[in-house]
Amino acid sequence: MMNTAPDPYPIGTPGTPWGDEERAEWLSQQSRQRSYESEVLSVIERLKSDFDVEEYGCLDYGSDRYPLMAIRSRDWHDDLPVVLITGGVHGYETSGVHGALQFVEQHAADYADRVNLLVAPCVSPWAYERIHRWNANAVDPNRSFHENSLAGESAALMRLVEPIRDRALLHMDLHETTDTDETEFRPALAARDGKPFEPGDIPDGFYLVDDSENPQPEFQQAIIEAVEQVTHIAPADDKGEIFGSPVASRGVIQYPLQQLGLCAGITNAPYRTTTEVYPDSSRATPDRCNAAQVAAVCAGIGYAIANR
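Structural notes, computed from the coordinates.

So, how was this worked out
Residues numbered from 1 in each chain as written. Predicted model: local features only at pLDDT ≥ 70, side-chain atom pairs only at ≥ 80, totals over all residues. Heavy atoms only, no water. Salt bridge = Lys/Arg side-chain N within 4 Å of Asp/Glu carboxyl O. Helix = DSSP H or I, 4+ residues; strand = E, 2+ residues; numbered from the N terminus. Buried < 20%, exposed > 50% of the residue type's maximum accessible area, 1.4 Å probe, protein only. Axes fitted to C-alpha atoms, helices over the stretch in contact; angles between N-to-C directions. Parallel < 35°, antiparallel > 145°, perpendicular 65-115°, else oblique. Left-handed = near helix turned anticlockwise from the far one by under 90°. Contact = heavy atoms within 4.5 Å. Nonpolar A, V, L, I, M, F, W, Y, C, P; charged D, E, K, R; others polar. Phe/Tyr/Trp six-rings, centres within 6.5 Å; stacked < 30°, edge-to-face > 60°. Lys NZ or Arg CZ within 6 Å of the ring centre and 35° of its normal. Pairing = 2+ DSSP bridges.

1. Quick word on the pattern of salt bridges
Under the criterion given, the structure shown has 15 salt bridges. A salt bridge links K48 to E45; the shortest N-O distance between them is 3.1 Å. Note that R130 is salt-bridged to D64, the shortest N-O span being 3.1 Å. Of the two residues, R130 is situated in helix α4 (residues 125–130) and D64 in strand β2 (residues 64–73); the sequence distance between them amounts to 66 residues. Neither R130 nor D64 differs from the other in exposure class; each is buried.

And the structure:
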């Protein structure tokens, strides 16, 4: 589908990067629309009977304080490989958060004594509450996983992951691509950076982002095959692309994960991927989106265990 964004973006001067005034104006327009405490922390609290739960950091934005929570296998064995699951790096991508939590509730026990699980289900809680892509400083956490990161969300997750960075077998980072990527978030990005906005297409369906520096096509296709039992897979457009990138195989594109500072590049796991669910499809529901994330995680873990 094609979306036309407002032109010019209502904040800033076209062609001029934002300064403090424009960022403050943008921040003043953001409002809390849902509750991290009731929708996320309450679920994590229920899991404490079966998993170890830890606060790995805290974000303070004005008067708002957000504890950053991770869930670990209770019977952690140092001789087992580690599986890292992250969600909500972009807070507005709802099924990434709830798909991660649903996986823990429904399936994590299936992998006891085979892998150690480390799950950070909502990396960006301020953005989760405001259904936004950026943090309160108009910074995208998913371009900020690098040294001296300006995103507290990203820096905290990197500190959590550092001890298992070289031991991880698998990292799955759960995302969505939405219509608002084209109508709001990409236009805002162009305005923030003083660049022209170039409209594009939103892919209709689920797809994956592999690592162009270490592609694993069979792993990616195992996930695609599992997810298509739940929801439809995004086809390539007339250019043979998905969201502006060449299709490497059905439903899969590739980015240089570490070079771009993406969350999926924070470990040296041999198996890494970013899921992209499309919640705005007429064929999608919130439950189906969550189920697609769960199916992806289960397929990814199964493949990684079988091929380690």
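2. Details of the packing of helix α2 (residues 36–47) against helix α3 (residues 94–107)
The contact between α2 and α3 brings their axes to 11 Å, and the two run at 15°. Taken as axis vectors, α2 and α3 run roughly parallel relative to one another. Where α2 crosses over α3, the handedness of that crossing is left-handed. Where α2 abuts α3, its residues E39, V40, V43, I44, R46 and L47 lie against V97, H98, L101, V104 and E105. Of the residues belonging to the contact of α2 with α3, the class tally is seven nonpolar, one polar and three charged.

3. As for helix α7 (residues 217–227)
Restricting attention to buried positions, one finds in α7 the residues F219, Q220, Q221, I223, I224 and V227. In this structure, the buried residues of α7 make contact with β5 (168–176), β6 (207–211), β9 (252–255), β10 (271–277) and α8 (286–306).

4. Here's the deal with the packing of aromatic side chains
For the structure on display, the rule yields eleven aromatic pairs. With a centroid separation of 5.1 Å and an interplanar angle of 45°, the aromatic rings of F219 and Y271 are classed as tilted. Here F219 is found in helix α7, whereas its partner Y271 is found in strand β10, with 52 residues between them in sequence. Judged by relative accessible area, which is 8%, Y271 ranks as buried. Feature note: the residues Y9, W18, W26, Y61, W126 and W134 constitute an aromatic cluster, connected by ring pairs. The side chain of R72 reaches across the aromatic face of W76, ending 5.1 Å from its centre. The ring of W134 has R192 sitting right over it, with the charged end atom 4.9 Å from the ring centre.

5. Observations regarding the sheet that holds strand β3 (residues 82–87)
Across the sheet, which stays open at both edges, the eight strands sit in the order β1-β2-β4-β3-β5-β10-β6-β9 with mixed pairing between neighbours. This sheet does not close on itself; its edge strands, each paired only once, are β1 (51–61) and β9. Going from strand to strand, the sheet's axes swing by 20° on average, the running direction of each strand aside. Here β6 pairs with β9 via four bridges, running parallel. Across the sheet, residue D211 finds its bridge partner in β9, namely Y255.

From the geometry alone we can't say anything about function, so treat these as descriptive.
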